[in-house]
Structure formats: C-alpha cells, structure tokens
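Residues per chain, in single letters:
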Amino acid sequence: MHSPLSVIHPEAQIGQNVNIEPFVVIDRDTVIGDDCHIYPHATILSGARIGKGCNIFPGAVIAGIPQDLKFAGETSTAEIGNNTTIRECATVNRGTASKGRTIVGDNCLIMAYSHVAHDCIVHNNVIIGNASQIAGEVEIDDHAIISGGSLVHQFTRISQHVMIQGGSRVSKDIPPYTLIGREPISYCGINIVGLHRRGFTNDQIFLIQDIYRTLYTRGLNNTDAIHAIETEYQPSIERDLILNFIKSSKRGIVRGSMDD
C-alpha cells in the first residue's frame, strides 16, 4: 500500500506488499524489498538498497551522502539486509570511494537517533542502542550489542558476541566474547549472559574465560600472551577467533581493567 501523500520517484524499485505511509520520500536509484514497512516522514535517498521485511521508522534517513570532505559525489550505496529495523531518526550514510558501500546486515536493530557512517560494515544480528554514533569504516561483527549513547571511533573493529556498556567511548578494537565498559574503556569480563543465550556450553565459556585470564591478568604483554595462548590451549573455534583477532588488530585491543 502506497499512500498518495508519499513522494516516490518513478525509477524507484519497490517490492511486493510494501507499506509506504504518508510523507515518505523515496528517491531514484533505490531498491526496497518485499514486505517492508516505511513509516511516515522516513527518507530513502539514492543508493539505498533495502532487503525484505524491514521496518524504517519515522524520521530515519537511509543513504544520505557521507559526512566526509573527501567525498566527491561518486556512486555508492547504503545496503540494509533482511528483517532489519531502523528506528526513529536513525541515519545510515552511503559509502565513499574507500569501499563504495555501507552495509547493515540481516536481523539488526538500529535504535533511535543512532548513526552509521560511511563505509561501515555492520554484520548480522547486531543491536546499536539509542543515540550511539558509529564513525566511518567501523566493522561490527555478528551478535554484538552497542549500548545506548556510545561513541565508536573510525576504523575500529568490534568482534562477535561483544557487549559494550552504554556511554562508552570506543577507540580500540574489541575482541570477541567480551564485556566492555568503565571509563576509560576496558575489559570487564566476558559476555556470559549473551553466550548462554546463544547456546554456548559451559565448557566453551570456561575456555573463553581462561584464555582472557591469560591475556589480561598474568602480566604478559600481547606478544607473550599470544604465545602462551597458542602453546597452552588446543586449537578450537573460540581460541582461534580470539587469537586471529588480536593478531590482526591495527588499532590495538582494549586494555584490561587491571591496567587502569
């Protein structure tokens, strides 16, 4: 159902069973998948690619041009996966020449007044809390939760199954399975509640805890901690994900609370 009070460019590609309410603006070069609901006063600009079953709430803006002075009008996209919800006044900017696209995956919840900047990659099942601000070229992996009012510095990486406390200022990479908070931001333990909810066994959770004790509480520098983890723990999905993340970090990982 398309309201006659909405403005839809004739070149926009609209799927089946899409509910477009009054005062929505949908520009050219846009794609909206089946079964979406676009609420009043939402704005879908050129370069938007929205999957199936999405809800775009009032005041949200998808595919605004990047807030990057290097942007020169190049063709780029903002891509939203299936069954994702973008709440009131949230913004997702399109990409720049750097990557060419901004991606928000499937089954994500981008809460009110939050911002996902140019060239970010937000993977699946991610929650970004109210008024959180995600700077350019950040990558957030599956099942991460960024609580409300958080600020994430450009180029930062946030790994899988992470929980970040509200109001945090994130300027370092956040390794998988961790609970992050305090000021300055630091490691506070592992995300036990989230891991239990997602079916991790007690043995897996104990292993993850033990690896992070080696990393953060034995007084080792990162090089020595990596060596200890490699030699003291058998290869596993959990061990290898942690090791590979630490080794590939360009910004450096968040420090432990014992370092405060």
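Refer to the structure above for everything that follows.
*Asks:* Got a minute to help me understand the overall build of the protein chain in this structure?
*Replies:* The helix and strand inventory of the protein chain stands at four helices and 27 strands. Computed over C-alpha atoms, the radius of gyration of the protein chain comes to 20 Å, within 12% of the 18 Å expected from 2.2 N^0.38 for 260 residues, which places it in the range of a compact globule. The dimensions of the protein chain, computed from C-alpha atoms along their principal axes, are 65 × 40 × 30 Å. Residue burial in the protein chain is summarised as follows: out of 260 residues, 47% are buried. The long-range fraction of contacts in the protein chain, counting pairs at least 24 apart against all pairs at least 6 apart in sequence, stands at 29%. For the protein chain, the accessible area works out to roughly 11,900 Å², and carbon and sulfur atoms hold 52% of it. Once the 21 positive and 27 negative side-chain charges of the protein chain are each reduced to a mean point, those two points are 4 Å apart.

*Asks:* Hey, could you run me through the pairing of strand E26 (residues 178–181) in this one?
*Replies:* Where a strand is regular, its side chains alternate between the two sheet faces. Pairing of strand E24 (residues 163–164) with E26, which is carried by two bridges, proceeds in the parallel orientation. Along E26, the bridge assignment pairs isoleucine 164 with isoleucine 180. Here E26 folds back onto strand E27 (residues 186–190) in antiparallel fashion, the turn holding four residues, of which arginine 182 has a positive phi close to 70°.

*Asks:* I keep staring at the environment of phenylalanine 57 and nothing clicks. Help me out?
*Replies:* When you line up the elements, phenylalanine 57 lands in the loop between strand E9 (55–56) and strand E10 (61–64). Residues phenylalanine 57 and threonine 75, 18 residues apart in the sequence, show an inter-C-alpha distance of 26 Å. The residues touching phenylalanine 57, leaving out its near neighbours within four places in the chain, are Tyr39, Ala42, Thr85, Ile86, Arg87 and Glu88.

*Asks:* Mind showing me how you'd approach the pairing of strand E14 (residues 101–104) here?
*Replies:* The alternating pattern of E14 places Thr102 and Val104 on a buried face, while none of Arg101 and Ile103, on the opposite face, is buried. Examined bridge by bridge, strand E11 (residues 77–80) and E14 share four bridges and lie parallel to one another. Across the sheet, residue threonine 77 finds its bridge partner in E14, namely arginine 101.

*Asks:* What's the story with the environment of glutamate 21 in this structure? I'm lost.
*Replies:* Here glutamate 21 shows up in the loop between strand E3 (19–20) and strand E4 (25–26). Look at glutamate 21 and you get partly exposed, because its relative accessible area is 21%. Sequence separation between glutamate 21 and leucine 215 is 194 residues, and the spatial gap between their C-alpha atoms is 52 Å. Only 2.5 Å separates the side chain of glutamate 21 from the side chain of histidine 37, close enough to count as a polar contact.

*Asks:* Where do I start with the pattern of salt bridges in this structure?
*Replies:* Pairs may arise between side chains of opposite charge once their charged atoms sit close together. In the structure shown here, the tally under the stated rule is 11 salt bridges. Aspartate 29 is the salt-bridge partner of arginine 49, the closest N and O atoms lying 2.8 Å from each other. You can see arginine 49 sitting in strand E8 (residues 48–50) and its partner aspartate 29 sitting in the loop between E4 and strand E5 (31–32), a full 20 residues away along the chain. Judged by its relative accessible area of 25%, arginine 49 is partly exposed.

*Asks:* What is the right way to read the sheet that holds E9 from this model?
*Replies:* Whenever strands of a sheet pair, they do so through backbone hydrogen bonds, lying parallel or antiparallel. With mixed pairing, the 10 strands of this open sheet are ordered in space as E3-E6-E9-E12-E15-E18-E21-E24-E26-E27. Sheet topology places E3 and E27 at the edges, where each strand pairs with a single neighbour. Seen against the sheet, helix H2 (residues 202–216) touches E26 and E27 and runs at an angle of roughly 150° to E27.

*Asks:* Just checking my understanding: could you explain the sheet that holds E10 for this structure?
*Replies:* The nine strands are arranged E1-E4-E7-E10-E13-E16-E19-E22-E25 in an open sheet whose pairing can be described as parallel. Strands with a single pairing partner mark the edges of an open sheet, and in this sheet they are strand E1 (7–8) and strand E25 (169–170). The pairing of strand E7 (residues 43–44) with E10 spans two bridges and is parallel. Each bridged residue has a counterpart across the sheet, and for isoleucine 44 the counterpart in E10 is isoleucine 62.

*Asks:* I would appreciate a short explanation of the packing of aromatic side chains in the present structure.
*Replies:* Within a pair of aromatic rings, the relevant descriptors are the distance that separates the centres and the angle that separates the planes. Applying the stated criterion to the full structure yields five aromatic pairs. When the ring of tyrosine 187 is compared with that of tyrosine 216, the centres are 4.4 Å apart and the planes differ by 20°; the resulting orientation is stacked. Residue tyrosine 187 is located in strand E27, and its partner tyrosine 216 is located in helix H2; the two are separated by 29 residues in the primary sequence. In this structure, tyrosine 187 and tyrosine 216 share a single accessibility class: buried. Site record: aromatic cluster; members linked through ring pairs are Tyr187, Tyr212 and Tyr216. Geometry around phenylalanine 57 places arginine 87 over its ring, the cationic atom sitting 4.0 Å from the centre.

The rules behind each value
Residues numbered from 1 in each chain as written. Predicted model: local features only at pLDDT ≥ 70, side-chain atom pairs only at ≥ 80, totals over all residues. Heavy atoms only, no water. Helix = DSSP H or I, 4+ residues; strand = E, 2+ residues; numbered from the N terminus. Rg over C-alpha atoms; globule rule 2.2 N^0.38 Å. Buried < 20%, exposed > 50% of the residue type's maximum accessible area, 1.4 Å probe, protein only. Contact = heavy atoms within 4.5 Å. Areas by Shrake-Rupley, 256 points an atom, 1.4 Å probe, with all protein chains shown as cover. Lys, Arg positive; Asp, Glu negative; His and termini not counted. Charge placed at Lys NZ, Arg CZ, Asp CG, Glu CD. Pairing = 2+ DSSP bridges. Polar contact = N/O pair within 3.5 Å; in protein donor to acceptor, adjacent residues only side chain to side chain. Salt bridge = Lys/Arg side-chain N within 4 Å of Asp/Glu carboxyl O. Axes fitted to C-alpha atoms, helices over the stretch in contact; angles between N-to-C directions. Phe/Tyr/Trp six-rings, centres within 6.5 Å; stacked < 30°, edge-to-face > 60°. Lys NZ or Arg CZ within 6 Å of the ring centre and 35° of its normal.

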